[in-house]
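Examination of the molecular architecture
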Amino acid sequence: MKRSLLNMKAYFRKELREIRAVNFIFLTLAGMINAIGVTVFLFPVKLYDSGISGSSMLLDQVTPDRFTLSLFLILLNVPIFLFGLKRQGALFTVYSVYTVGIYSLVAFLIMDVLPIDVSFVSPLAGRDLLLCAIFGGVISGTGSGLTIRFGGAIDGIDVLSVIFAKKLSLSLGTFVMVFNTLLYIVCGIVIESWILPLYSIVTYFVGSKTVDFIVEGFDRSKCAMIVTTKADEISGVLSENFQASGTIVSATGGYSKGNKEILYFIVNHFQINRLRKIVLSIDENAFISLSDVSDIFKKRVG
């Protein structure tokens, strides 16, 4: 038991030594952006963010004035991140708690110290719920995406999904969707209206897509898995045309039991048709499978 605790402490200390100042700069920006999206475009017109942030917005509305959005963001998120410390690691937890702190602080400044009328930002925002839902989703999604990009999370729902989704036989995305669906149902019951919760679904959809774009990029690469008997020839031509190299893996046909090879090759979406024509011109019986690639990591030498 003592050895296990010592090993865990040593692991956490090693992780914390990897903290980067530049990450805190971008996490500060992420927290500020998220706060602006929520407090300027969503909260004034009673639209709801997703996850713990949305839950905090609802609790702010149904509790006495001294219990604010900023307070609930801290009270709900921080214990969740600490609960997931062992699973997610010390570095992730530090980055996440810091970003939530910035989010909470900026939300407090905007709503309680320097109250901002939503009409100050956009003349249409005060009366156009769709505009608020879209812009609120894009801006808060940008903040969330930046947080993930630089090693943390701005909402405890991400940690809860990692911890409980598998136990409930759900995917991470399904767990978050179920949580948000229940949240919006509760919001509709509490405020006795379904209009605002339904617009909040627009916010959730736009926000989640924005997170995908920030984390994975607008131009996602494609991984081509090419099953062929002429991998060397195909690899040579592809390398010459695309100025990149592939990886060849030996394989055995499941039905024919014959010797085959799998060529692993990365292209962008503009190159897909060209890759298909090259491969099939060399081996018309080749099998090509494409899948999305969100990030490519390569250690640079020298």
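Note that the structure is a prediction, hence the values are computed from the model and not measured.

Glancing now at the pairing of strand E1 (residues 221–228). Relative to strand E4 (residues 287–293), E1 is paired through 7 bridges, and the arrangement is antiparallel. Within the sheet, the bridge partner assigned to cysteine 223 lies in E4 and is serine 291. Across 7 bridges, the pairing between E1 and strand E3 (residues 259–267) is antiparallel. When the sheet's bridge partners are listed, methionine 225 is paired in E3 with tyrosine 264.

The next thing to look at is the sheet that holds strand E2 (residues 247–252). Read from one edge of the open sheet, 4 strands run E2-E3-E1-E4, paired in antiparallel fashion. Two strands close off the open sheet at either side, each with one partner strand: E2 and E4. On average, each strand axis in the sheet is inclined to that of its neighbour by 25 degrees, with strand direction left out of account. Set on the sheet, helix H12 (residues 231–242) makes contact with E1, E2 and E3; between it and E3 the angle comes to about 10 degrees.

Our focus in this paragraph is the nonpolar core. In this structure, Val38, Leu47, Tyr48, Met57, Leu69 and Tyr103 are the most contacted members of the largest nonpolar core, which totals 33 residues. Every element with two or more residues in this core is listed here: helix H2 (21–42), helix H3 (51–62), helix H4 (69–83), helix H6 (90–113), helix H8 (129–149) and helix H10 (172–191). The greatest single-element share of this core, amounting to 8 residues, is contributed by H2. With residues up to four places along the chain from it excluded, the contact list for leucine 47 reads Leu42, Met57, Leu129, Cys132, Ala133, Leu196, Tyr199, Ser200 and Thr203. In this structure, Ala224, Ile226, Ile272 and Ala286 belong to the second largest nonpolar core, which totals 14 residues.

On the surface, Leu168, Leu170, Val178, Leu182, Ile185, Ile189, Trp194, Leu198 and Ile201 cluster together to form a nonpolar patch covering roughly 830 Å² of accessible area. Of all the secondary structure elements, the ones that give two or more residues to the nonpolar patch are H10 and helix H11 (195–216). Sorting elements by how many residues they give to the nonpolar patch places H10 first, with 4 residues. Note on placement: valine 178 falls in helix H10.

Positive phi is not limited to glycine here, since lysine 46 has a value of about 60 degrees. The phi dihedral of glutamate 192 falls on the positive side, at around 55 degrees, and the residue is not glycine. Mapping glutamate 192 onto the fold places it in the loop between H10 and H11. What makes glutamate 192 exposed here is its relative accessible area of 71%.

Moving on to the packing of aromatic side chains. Within the structure shown, the criterion is met by 7 aromatic pairs. Ring plane angle 85 degrees and centroid distance 4.9 Å describe the contact between phenylalanine 24 and tyrosine 98, whose orientation is recorded as edge-to-face. Taken together, the residues phenylalanine 24 in helix H2 and tyrosine 98 in helix H6 connect sequence positions 74 residues apart. A residue is classified by how much of its surface remains accessible, and tyrosine 98, at 30% relative accessible area, is partly exposed. Summarising the aromatic geometry, the rings of phenylalanine 83 and phenylalanine 164 are spaced 6.3 Å apart at their centres and angled 15 degrees between planes, so their arrangement reads as stacked. Of the two residues, phenylalanine 83 is situated in helix H4 and phenylalanine 164 in helix H9 (residues 157–164); the sequence distance between them amounts to 81 residues. An aromatic cluster is built from Phe24, Tyr95 and Tyr98, whose rings are joined through pairwise contacts.

Its 20 residues place the ends of H10 29 Å apart at the C-alpha level, agreeing with the 28 Å of an ideal helix rising 1.5 Å per residue. Every buried residue belonging to H10 is among Phe175, Val176, Asn180, Leu183, Tyr184, Cys187 and Gly188, and all of these are buried. Count one or two residues on from H10 and you reach glutamate 192, which has phi positive near 55 degrees.

Calculation criteria
Residues numbered from 1 in each chain as written. Predicted model: local features only at pLDDT ≥ 70, side-chain atom pairs only at ≥ 80, totals over all residues. Heavy atoms only, no water. Pairing = 2+ DSSP bridges. Helix = DSSP H or I, 4+ residues; strand = E, 2+ residues; numbered from the N terminus. Axes fitted to C-alpha atoms, helices over the stretch in contact; angles between N-to-C directions. Contact = heavy atoms within 4.5 Å. Core = buried A, V, L, I, M, F, W, Y, C linked by side-chain atoms within 4.5 Å. Buried < 20%, exposed > 50% of the residue type's maximum accessible area, 1.4 Å probe, protein only. Patch = residues over 30% accessible without salt bridge, like charges linked within 9 Å, V, L, I, M, F, W, Y side chains within 5 Å. Areas by Shrake-Rupley, 256 points an atom, 1.4 Å probe, with all protein chains shown as cover. Salt bridge = Lys/Arg side-chain N within 4 Å of Asp/Glu carboxyl O. Phe/Tyr/Trp six-rings, centres within 6.5 Å; stacked < 30°, edge-to-face > 60°. Expected span 1.5 Å × (residues − 1).

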